[in-house]
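Survey of secondary and tertiary structure
Here are the chains, one letter per residue:
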Amino acid sequence: MDGVAVITGTTHGIGRVTSRELARAGRVVVMLCRDLDAGRAVRDEILTQLPRASVHLVHCDLASLQSVRSSAAAVRSSYGSIDLLVNNAGMVSTRHRVSVDGFELTFATNHLGPFLLTALLLDRLDKTARVINVASRAHFRAHPDFDRVTNPRAPYNAMAAYAQSKLANVLHTFALARRLAGTRICVNCLHPGVVASNLLPGWLRLIKPLLSRRILDVEDGARTTLHLALAEGAGAVTGRYFDERQRVACAAKLAHDVRLQETLWRKSSLWSGVAP
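Now for a description of the structure that goes with this document. For clarity, every value in this text was computed on a predicted model and none was experimentally measured. (Residues numbered from 1 in each chain as written. Predicted model: local features only at pLDDT ≥ 70, side-chain atom pairs only at ≥ 80, totals over all residues. Heavy atoms only, no water.)

**Things to note about helix α3 (residues 65-78)**
- If you check α3, its first and last C-alpha atoms are 20 Å apart, about what 14 residues at 1.5 Å a residue would give, namely 20 Å.
- The complete set of buried residues in α3 reads Leu 65, Ser 67, Val 68, Ser 71, Ala 72 and Val 75. When α3 is viewed along its axis, its buried side chains cluster within an angular range of 155 degrees and face the same direction. Exposed side chains of α3 directed beyond 90 degrees from the buried face belong to Ser 77 and Ser 78.
- Those residues of α3 that are buried are in contact with β1 (4-8), β2 (28-33), β3 (54-59), β4 (82-87), α4 (105-121) and α9 (258-272). (Helix = DSSP H or I, 4+ residues; strand = E, 2+ residues; numbered from the N terminus. Expected span 1.5 Å × (residues − 1). Buried < 20%, exposed > 50% of the residue type's maximum accessible area, 1.4 Å probe, protein only. Arc of directions from axis to C-beta. Contact = heavy atoms within 4.5 Å.)

Okay, structure coming up:
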């Protein structure tokens, strides 16, 4: 086996393909799933194709900070060093909803949960580990107002909430890469393209005109994640944003704003209860 890969959002779409291909590559795949029944179905599907694969399930609801803490503790107690952490899960709420902890739901699921998970597993990363955050080109549309995250009465627009959460993914990537400078751990993010998964019908109306000239199938949609996870040369690149063609691309100007990165880091640390 070539090490432990922890991945979120594995029960559909590109996360499902990514899990399968990481297992094919010989990784011990730890799938963090909100729906364990759906996770078992994916695991069984992978094992049918790859009988010698090592695929494991851990319950994790990224919208719940307590669930994230519990899942991180389970990973820490059951596995050794982590070679790969893929923050893949993502969603968009078409109406204003808040998480169990009181945060706007899209932001809580897409950023705050992954931020906490990464922080809790950071000291378990192998010295040459790779952290991959699945972001989106939607981050170019973001007009960040992080105070809205904790305001249940704030005006709500689904696309704006999604764009802000995806900008947060890129800001988090760049800030973490800067903190890990001088180590051999790499941290990158990506736009996978608009992917024809089971999430697409609900999202298409909102995001298709903004993101891509074409719709990718899930196999193509997983290519950039898998490139960053498995390609030999990708381990030498850090703090970058990649497009759906596996190329380093320019992120939005706001994503490179170090002050904004640090503002988000400080707020995320406070909200998730981790040391800044």
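**Things to note about the pattern of salt bridges**
- Counted under the stated rule, the structure contains 14 salt bridges.
- Among the ionic pairs, Arg 178 bridges to Glu 262, the shortest N-O distance being 2.2 Å. Pair noted here: Arg 178 is in helix α5 (residues 158-179) and Glu 262 is in helix α9, with a separation of 84 residues, a long-range link.
- Classification of Arg 178 as partly exposed rests on a relative accessible area of 35%.
- With its nearest N and O atoms 3.0 Å apart, the salt bridge here joins Arg 223 to Asp 220.
- By relative accessible area, which is 22% here, Asp 220 ends up partly exposed.
- When salt bridges that share partners are traced, they join Arg 20, Glu 21, Arg 24 and Glu 219 into one network. (Salt bridge = Lys/Arg side-chain N within 4 Å of Asp/Glu carboxyl O.)

**Regarding the nonpolar core**
- Val 6, Val 30, Leu 32, Val 75, Phe 107 and Leu 121 are the most contacted members of the largest nonpolar core, which has 57 residues in total.
- Counting residues per element, this core draws most heavily on α5, at 12 residues.
- Beyond its immediate sequence surroundings of up to four residues, Val 75 is in contact with Val 6, Val 30, Leu 32, Val 58, Ile 82 and Leu 121.
- If you look at the next biggest cluster of nonpolar residues, it comprises 26 residues, including Val 42, Val 134, Leu 190 and Ala 222. (Core = buried A, V, L, I, M, F, W, Y, C linked by side-chain atoms within 4.5 Å.)

**A few points about the environment of Ser 71**
- Relative to the assigned elements, Ser 71 resides in helix α3.
- Look past the residues within four positions of Ser 71 in its chain and what remains in contact with it is Leu 32, Val 58, His 59, Cys 60 and Leu 117.
- A distance of 2.9 Å separates a polar side-chain atom of Ser 71 from the backbone oxygen of Val 68. (Polar contact = N/O pair within 3.5 Å; in protein donor to acceptor, adjacent residues only side chain to side chain.)

**Observations concerning the packing of aromatic side chains**
- All chains considered together, the criterion is met by four aromatic pairs.
- For the ring pair Phe 107 and Phe 146, a centre distance of 6.2 Å and an interplane angle of 55 degrees mean the geometry is tilted. Of the two residues, Phe 107 is situated in helix α4 and Phe 146 in the loop between β5 (125-134) and α5; the sequence distance between them amounts to 39 residues.
- Using a relative accessible area of 6% as the deciding quantity, one classes Phe 146 as buried.
- With 6.0 Å between their ring centres and 85 degrees between their planes, Phe 107 and Trp 271 make a pair best called edge-to-face. In this pair, Phe 107 is assigned in helix α4 and Trp 271 in helix α9, connecting sequence segments 164 residues apart.
- Residue Phe 107 is classed as buried on the basis of its relative accessible area, which comes to 0%.
- Judged by relative accessible area, Trp 271 falls into the buried class, the value being 16%.
- One aromatic cluster is present, built from ring pairs that chain together Phe 103, Phe 107, Phe 146 and Trp 271.
- When the ring centre of Trp 265 is taken as origin, the NZ or CZ atom of Arg 179, which lies over that ring, is 3.8 Å away. (Phe/Tyr/Trp six-rings, centres within 6.5 Å; stacked < 30°, edge-to-face > 60°. Lys NZ or Arg CZ within 6 Å of the ring centre and 35° of its normal.)

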